[in-house]
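Here is what each chain is made of, one letter per residue.
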Amino acid sequence: MLKTRVMTPDDWDGVAEVWKNHEGTNPVDDSPEGFTKYLRRNPTTSFVAVDDGRIIGTILAGHDGRRGIFHHVSVLPEYQKQGVGKMLVDSAVEALRKEDINKVLIVVFKDNDNGNGFWEHMGFTVREDLYYRNKYINL
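Residues numbered from 1 in each chain as written. Predicted model: local features only at pLDDT ≥ 70, side-chain atom pairs only at ≥ 80, totals over all residues. Heavy atoms only, no water.

Colleague: How would you sum up the nonpolar core? Please name residues and give values.
Modeller: Phe35, Ile59 and Phe70 are the most contacted members of the largest nonpolar core, which totals 31 residues. Of all the secondary structure elements, the ones that give two or more residues to this core are helix H1 (12–19), helix H2 (32–41), strand S2 (47–51), strand S3 (54–63), strand S4 (67–75) and helix H3 (84–98). The element that contributes the greatest number of residues to this core is H3, accounting for six residues. Beyond its immediate sequence surroundings of up to four residues, phenylalanine 35 is in contact with Met7, Thr8, Pro9, Asp11, Trp12, Val15, Trp19, Asp29 and Leu60. (Core = buried A, V, L, I, M, F, W, Y, C linked by side-chain atoms within 4.5 Å. Buried < 20%, exposed > 50% of the residue type's maximum accessible area, 1.4 Å probe, protein only. Helix = DSSP H or I, 4+ residues; strand = E, 2+ residues; numbered from the N terminus. Contact = heavy atoms within 4.5 Å.)

And the structure:
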């Protein structure tokens, strides 16, 4: 039976299995230590999708007090297009709503046609007026 539940640090092995082919992960932030650090800061807003005890999908979701952000929304290929991603997004949106967060964002690679189609279907719009910028500070 498919269900979602709050993600915990004990989920690392199952989450790492889902992420092993996920574009955009990195060995610093997406390590057991980085994963646990994120969940300590955001203990109620990240979720896993589970089928008979097996983690089959993930959504890291957090906020800065004003805006929510989704990271690593990922569903195993054999479970895609079955509503799992929607279940994860709905769970995270509701958790953020309970924390009085009114807007959420996600960064998606331009060439990720499957992902971009999913986010468009979920009602997320593309911001053409922004540049996404980042800088590594601890490498």
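Colleague: Summarise H2; cite the residues concerned and give the values.
Modeller: Buried within H2 are the following residues: Gly34, Phe35, Thr36, Tyr38 and Leu39. Summarising the contacts, the buried residues of H2 are in contact with H1, S3 and S4.

Colleague: Residues and numbers for the side chain of serine 46, please.
Modeller: Following the sequence through the fold, serine 46 ends up in the loop between H2 and S2. On the basis of relative accessible area, serine 46 is assigned to the buried category, the value being 1%. Side-chain polar atoms of serine 46 contact the backbone nitrogen of alanine 61, separated by 2.9 Å. In this view, serine 46 contacts Arg5, Val6, Met7, Tyr38, Leu39, Ile59, Leu60 and Ala61; residues no more than four positions away in its chain are not counted. (Polar contact = N/O pair within 3.5 Å; in protein donor to acceptor, adjacent residues only side chain to side chain.)

Colleague: Outline the confidence of the model for the protein, listing residues and values.
Modeller: Per-residue pLDDT for the protein averages 93, and the proportion of residues at 70 or more is 99%. S2 holds the highest mean pLDDT among the elements of the protein, 98, whereas helix H4 (residues 113–121) holds the lowest, 92. (pLDDT = per-residue confidence, 0-100.)

Colleague: Just give me the short version of the side chain of threonine 58, but keep the residues and values in it.
Modeller: Tracing the backbone shows threonine 58 in strand S3. For threonine 58, a relative accessible area of 0% gives the class buried. Of note is the side chain of threonine 58, whose polar atom sits 2.9 Å from the side chain of tryptophan 19. Within the structure, the side chain of threonine 58 is placed 2.8 Å from the backbone oxygen of histidine 72, a separation counted as a polar contact. Sequence-distant contacts of threonine 58, defined by excluding residues within four places in its chain, comprise Met7, Val15, Val18, Trp19, Phe47, Val48, His72, Val73, Ser74 and Leu88.

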